[in-house]
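# Residue-level structural notes
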Amino acid sequence: MKYGCALIVFAKAPVPGVAKTRLAETLGMEGAARLAKRMLEETLLHAVASEVGPVELCCHPGVSHLVFQSAAKRLGVALTRQGKGDLGARMQRAIERALQTYRQVLLIGTDAPQLDAGRIRQAQRALQTHPAVFVPAHDGGYVLVGVSRSIPEVFQDIAWSTAEVMPQTRQRLQAAAIDYVELPAVHDIDHPEDLIHVPKGWIE
């Protein structure tokens, strides 16, 4: 028997010089890492508050970072490893694993402050009538993907971390005749010009 919905949060350890490096020219390496940590913590709070299902924190490169361990203890989220491969391979692997146990799977990143509990619940509801749902990012990517069945086509041969991610994903969906829903786009925080979309008080 399969359960309802699983929510996977994809996260990179907030290590200076590794996390959010494109923001370092404005915030410095330490400042960029602190913002990455804050966005991860806020994302997890929204994920848990959404109550769509159990939350899994899928970590890179491993689960040992103190922030990951603290989240597991404080919020009761499960910790897993993303493993090897490009972003598409890692996301597909996490989703396929969850689909073995759950009828629906949502996967989100940690870079979009506007992706709150309400938007997560809206995405989960969309999966009741469609096999796939996305929340695009204004920069051409997406910050949420949800599925109610396996759709490996959308994770293969994508130009990750470019403005072509969502356009290429739409092409894959249409070519495979997969019915999907796009919810309103949100801003993610990747470049210095994106910092205007960070809530007040998040940048120290």
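Described in the following lines is the structure provided in the data block.

Rules of the game
Residues numbered from 1 in each chain as written. Predicted model: local features only at pLDDT ≥ 70, side-chain atom pairs only at ≥ 80, totals over all residues. Heavy atoms only, no water. Disulfide = S-S within 2.5 Å. Buried < 20%, exposed > 50% of the residue type's maximum accessible area, 1.4 Å probe, protein only. 1 Å grid on protein atoms, 1.4 Å probe; cavity = no way out; pocket = protein on both sides within 12 Å on 5 of 7 lines; lining within 4 Å. Points joined across faces, edges and corners; volume = space filled by probe spheres on them. Nonpolar A, V, L, I, M, F, W, Y, C, P; charged D, E, K, R; others polar. Axes fitted to C-alpha atoms, helices over the stretch in contact; angles between N-to-C directions. Helix = DSSP H or I, 4+ residues; strand = E, 2+ residues; numbered from the N terminus. Parallel < 35°, antiparallel > 145°, perpendicular 65-115°, else oblique. Left-handed = near helix turned anticlockwise from the far one by under 90°. Contact = heavy atoms within 4.5 Å.

### Details of the state of the cysteines
Tallying each qualifying case throughout the model produces 0 disulfides. Counting only cysteine sulfurs, C58 is the nearest neighbor of C5, a cysteine outside any disulfide, at a range of 15 Å. No disulfide involves C58; its sulfur sits 6.8 Å from the nearest other cysteine sulfur, which is in C59. When its relative accessible area of 1% is taken as the criterion, C58 is described as buried.

### Here we look at empty space enclosed by the protein
In the structure shown here, the tally under the stated rule is 1 cavity of 30 Å³ or more. Volume-wise, the largest cavity comes out at about 50 Å³. In this structure, the largest cavity is lined by M39, E42, T43, H46, T110, A112, P113, L115 and W202. Partitioned by chemical class, the residues of the lining of the largest cavity number 5 nonpolar, 3 polar and 1 charged.

### Section: the packing of helix α1 (residues 24-50) against helix α4 (residues 117-126)
When two helices pack together, their arrangement is captured by the angle between the axes and the distance separating the axes. The contact between α1 and α4 brings their axes to 8 Å, and the two run at 50 degrees. Accordingly, the angle class assigned to the pair α1 and α4 is oblique. In this structure, α1 meets α4 at a crossing whose hand is right-handed. Between α1 and α4, the contacting residues are H46, A47, A49 and S50 on the first element and A117, I120 and R121 on the second. Across the contact of α1 with α4, the residue classes tally to 4 nonpolar, 2 polar and 1 charged.

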